[in-house]
Amino acid sequence: MSEFKYACPVCGQHIKCDSSQAGSQMECPTCFQKITVPQAPSSDEQKFIITGTKKGERPVSTIPESTSTFVPAAKGFPGWLVVVIIFIFIGIVVAFVYRGTIFKSKNVPAAVASDTTEETNQTPAKTQKPPKPQLVAPPASDTNWMLSLDGMTNFPDATAAGRIHGQDFIVERAGLQNGTLTLRAGKNGAVTFGVEINFGGVQPEALAGQSLNIATNAPMAARVTLRWLDDGQSAMEDLEGGYALRLQFGQLAGNRLSGKIYFCAPDEMKSYVAGTFNAQIRRPKPKKQN
């Protein structure tokens, strides 16, 4: 009788027996399972380890000896732990590959980071319009105050300005109402500083495009009223003649009538006004019909 080895189909334990025990039942010395002993191999050289059959099961095929070593089944490795390990490994790889990008901001010098923050936080400043230059009345010299129209060939190309009784005067508002042209300082309230030229109720349409020259020796002249403040009190002077006046009116444009003026008063203070104006026309309200 020849001896041979076979493997337990449950735990893989190798068991030695002889050919006379083939087909009989044995108990595995390791797992204590009932095993049916397989038939002895036909060859004397045991290149194969025959696997026995568990009692009540069909016989299993033989396996090569080189792979017949059976490792007892280990407890199942948790699947979730495998997934966690895989993700950790992927995270380590990504961090290594992009380490330069991730940690770049931490390596920026403090001064550079500060400058960048300031540039980000700064909002573009609004462009401010330069302030308008303040108008200054020209001095009352013999060049400006001539009391004659002979040397007056060109009007100053600027807002009408001058001096009234020794005080600087600049026209801030011009108006034409009931045939009276008013050049005044200030825009609201009663006229306390300025010049009023009365044309005797002439309508704006009659003045548009006209030129007026009044010399000091003119027999008839429009009445001119000078207004100024004297120690905080309103003062005025009416001139019926003796002054020099040149007026040049433009064309009507809506409710506006532009013009140019040169005026010199015969006073010791050498009052005068010269320059351009744009008068607002104010017409009387129509009377209500009964």
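The text that follows walks through the structure, step by step, so that each part is easy to find. Everything numeric in this text was worked out from a predicted model, so none of it was measured.

## Some thoughts on the side chain of D267
Inspection of the secondary structure puts D267 in the loop between β17 (256–264) and β18 (272–282). Although D267 is buried, it forms no salt bridge, and the closest oppositely charged side chain is R163 at an N-O distance of 9.3 Å. What D267 contacts, discounting residues up to four positions off in sequence, is W145 and H165.

## Considering the nonpolar core
Nonpolar side chains tend to gather and get buried jointly when the protein is soluble and globular. Within the largest apolar cluster, 34 residues are counted, with the highest numbers of intra-cluster contacts made by L181, I197, L226, L247, I261, F263 and F277. Every element with two or more residues in this core is listed here: β10 (173–177), β11 (180–184), β12 (194–198), β14 (223–230), β15 (233–239), β16 (244–253), β17 and β18. By residue number, the principal contributor to this core is β18, which donates four residues. Apart from the residues within four sequence positions on either side, F277 is in contact with A174, L181, L183, L247, F249, L257, S258, G259, K260 and I261.

## Here's the deal with unusual backbone geometry
Of all residues except glycine, most have a negative phi; of all peptide bonds, most are trans. A positive phi angle is found at L147, which is not glycine, with a value near 55°. Of note, K270 is a non-glycine position whose phi angle comes to about 55°, a positive value. Of note, K270 is situated in the loop between β17 and β18. On the accessibility criterion, K270 (26% relative accessible area) is partly exposed.

The rules behind the values
- Every chain is numbered on its own, with residues counted from 1 as its sequence reads.
- In keeping with the predicted nature of the model, local features appear solely for residues at pLDDT of at least 70, side-chain atom pairs appear and are counted solely at 80 or more, and the whole-chain, interface and lining totals rest on all residues.
- Working from all heavy atoms in the structure, the side-chain values ignore hydrogens and water.
- In this description a helix means any DSSP run of H or I spanning at least four residues, a strand means any run of E spanning at least two, and both kinds are numbered starting from the N terminus.
- Three exposure classes are used, based on accessible area relative to the maximum for each residue type with a 1.4 Å probe and protein chains only: buried under 20%, partly exposed in between, and exposed over 50%.
- His is not counted, nor are the chain ends, whereas Lys and Arg count as positive and Asp and Glu as negative.
- Salt bridges, as used here, are contacts in which a Lys or Arg side-chain nitrogen is within 4 Å of a carboxyl oxygen on Asp or Glu.
- Here a residue-residue contact requires only that any non-hydrogen atoms of the pair lie within 4.5 Å.
- By convention a nonpolar core is built from buried Ala, Val, Leu, Ile, Met, Phe, Trp, Tyr and Cys residues, the set being connected through side-chain atoms within 4.5 Å.

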